Amino acid sequence: MKKFSVIMSLILSALLFLSCPVLAGTEMGKVTPAKPGVNIQLFGSLKTFPHFVDNLDFNKDDTIYNWILDESGIIDDDEMTVRNELRVGMKGGGENWKFLVILESDFALDKENADRGARIGEISTNLGMTGEDFAVEKLDFSYDFSAHGLPVTVETGWNTKWLDIETGGVLYGDDHPYIGFKGTSNGISWELLNLIIYDRIAGTPGPPDPLDGESPDWRVYSAKMAFPAGDMKVSPFYAFSDNNARDANVHYFGIQTFGKMGNLSPKAEFVYALGEKDNFTTTGGEGDISAFAGFASIEMSVEDMFNPYFGGYFVSGDDDASDEDIEAFNPITNISRYAGPFAMENAFIYRYVPVLGTHLYSNTFDTLGTAGGYGGISNSSSANSPGMYNLGIGTKGAMDKWSYKAQFVYFWFAETGALEDVEGKCIDDAVGLEFDLQVTYHFSKNFSLGNVFALFDPGDGVQDLRGEDYDQMAILNTVELKWTF
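We now turn to the structure provided with this report. (Residues numbered from 1 in each chain as written. Predicted model: local features only at pLDDT ≥ 70, side-chain atom pairs only at ≥ 80, totals over all residues. Heavy atoms only, no water.)

### Looking at the pattern of salt bridges
For side chains of opposite charge, pairing can occur when their charged atoms come near one another.
Here's step 1: Under the definition given, this model contains 21 salt bridges.
Here's step 2: Residue Glu299 is joined to Lys396 by a salt bridge in which the shortest nitrogen-to-oxygen separation is 3.1 Å. Pair noted here: Glu299 is in strand β16 (residues 287-300) and Lys396 is in strand β19 (residues 388-399), with a separation of 97 residues, a long-range link.
Here's step 3: On the basis of relative accessibility, which here comes to 30%, the residue Lys396 falls in the partly exposed class.
Here's step 4: In this structure, Glu345 and Arg337 form a salt bridge, with 3.8 Å as the shortest nitrogen-oxygen distance.
Here's step 5: The class for Glu345 is buried, based on a relative accessible area of 11%.
Here's step 6: The network of salt bridges with shared partners includes Lys47, Asp70, Glu71, Arg83, Glu85, Arg87, Glu104, Asp106, Arg337, Glu345 and Arg351. (Salt bridge = Lys/Arg side-chain N within 4 Å of Asp/Glu carboxyl O. Helix = DSSP H or I, 4+ residues; strand = E, 2+ residues; numbered from the N terminus. Buried < 20%, exposed > 50% of the residue type's maximum accessible area, 1.4 Å probe, protein only.)

Listed below in structure tokens is the structure:
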């Protein structure tokens, strides 16, 4: 029997035992930590998302782009695919220290996935957790030295960390392993991180060649501060990406602001990337990285059922695939799926959408182009990607047990020059319009039932890039069943 089945059987058996009236008054045992002075809290969640899709490639015929990828694996153009994310966790701590452990299994519901392993036909490197692998998804242990006269906390694990998720998430947010330090003094917070994204070894032990433990690696060193400014905060941040896997060294300089101004919630950020990439040109020459990205939005609190917001992103693209200048902005991991007012887990754009060149969590077209880049999730961004502008408007609200969110976002390429060089064709900058509508009924604090309807109407740029037949609206309709405890 798989570990997943064992855990679920134990949980269900415990619930049955505790609810049985025959056992009323029976002396019960208890669970205690191995060492005294430790507090432990259990929590968990289940998200079950049946997806109903049509024209994921904007084409009424089957093409090589007729699928998208989420954490659960491939969502293809069949009748229904169900994503299932189960989490069980515990958190707590003791004197001066804290811990967090979250076990997760995230997969598409299918016999092979849930009971035997990988679903047939999956991409093995992008499976996430299959049903038999109920493993540690997030981890954080920390110790606060303030009681010893040093206002510093040391932390390690692979919990979600970020540099700019409070605004647009254009640079970094992910759960890579880390060792870090953080602290707060007089309202000023700071954090230093050593992010270990790749620590790989090339080759095999033994003759004839030595192992290569440097060239496949990717480490990021970051610093972030946040200063109070009335009801607003100003947060400068910096990251150095030592990306040996892409022969690139990149400095990211950023600043963001967020908070409240009366009934307004403004957010803004700007990030500049400066660096170099070896072995970039056909002659082995060096490429000079100079790129930028940003975000701005305003949310207005008007009344319970009407709280409008608007804003947009700008991400620089490359204008010439043949020169040594790299003007395409590649993030470490764009996390816009969970950042800013336009964040929505089951919107269309925030997945790996091959026909558009987006990647998971991101809303940009970083994977278009052929030149290896210097970042992005799974190191997949392109050095001659076209960048992106978008503008959006939406509203959200809640009343009684109902909540909703509705938004329109229009996308276009920032620069098509390098992409046109690669593809050998003229490409319009119009990418398309997305509409998202989320409606949820909260039956209790532990269970909600909702629906997200998302459609993407492709623009002329998609037809120029992929062909005239790529002109159909993509539809992604998702039922959201959510339990939390």
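### Quick word on the side chain of Lys138
Here's step 1: Along the chain, the position of Lys138 falls in strand β6 (residues 135-144).
Here's step 2: Looking at Lys138, its side chain comes within polar contact range of the side chain of Thr160, at 2.7 Å.
Here's step 3: Among all residues touching Lys138, those that are not within four sequence positions of it are Arg87, Leu100, Val101, Ile102, Trp158, Asn159, Thr160 and Asp175. (Polar contact = N/O pair within 3.5 Å; in protein donor to acceptor, adjacent residues only side chain to side chain. Contact = heavy atoms within 4.5 Å.)

### Considering the packing of aromatic side chains
Here's step 1: Per the stated rule, a full pass over the model turns up 28 aromatic pairs.
Here's step 2: Between Tyr143 and Phe145, the ring centres sit 5.0 Å apart and the planes meet at 65 degrees, which makes this aromatic pair edge-to-face.
Here's step 3: Of the residues examined, Tyr143 reaches a relative accessible area of 26% and is grouped as partly exposed.
Here's step 4: Judged by relative accessible area, which is 32%, Phe145 ranks as partly exposed.
Here's step 5: Here Phe365 and Phe413 contribute two aromatic rings whose centre-to-centre distance is 5.5 Å and whose plane-to-plane angle is 85 degrees, an arrangement assigned as edge-to-face. On the criterion of sequence distance, the pair formed by Phe365 in the loop between β18 (325-326) and β19 and Phe413 in the loop between β20 (402-412) and α3 (417-423) is long-range, its members being 48 residues apart.
Here's step 6: Of the aromatic side chains, those joined through ring pairs into one cluster are Phe58, Phe348, Phe365, Phe411, Phe413 and Phe456.
Here's step 7: Lys91 extends its terminal NZ or CZ atom over the ring of Phe43, reaching a point 5.7 Å from the ring centre.
Here's step 8: Residue placement shows Lys161 over the ring face of Tyr178; its charged tip is 5.1 Å from the ring centre. (Phe/Tyr/Trp six-rings, centres within 6.5 Å; stacked < 30°, edge-to-face > 60°. Lys NZ or Arg CZ within 6 Å of the ring centre and 35° of its normal.)

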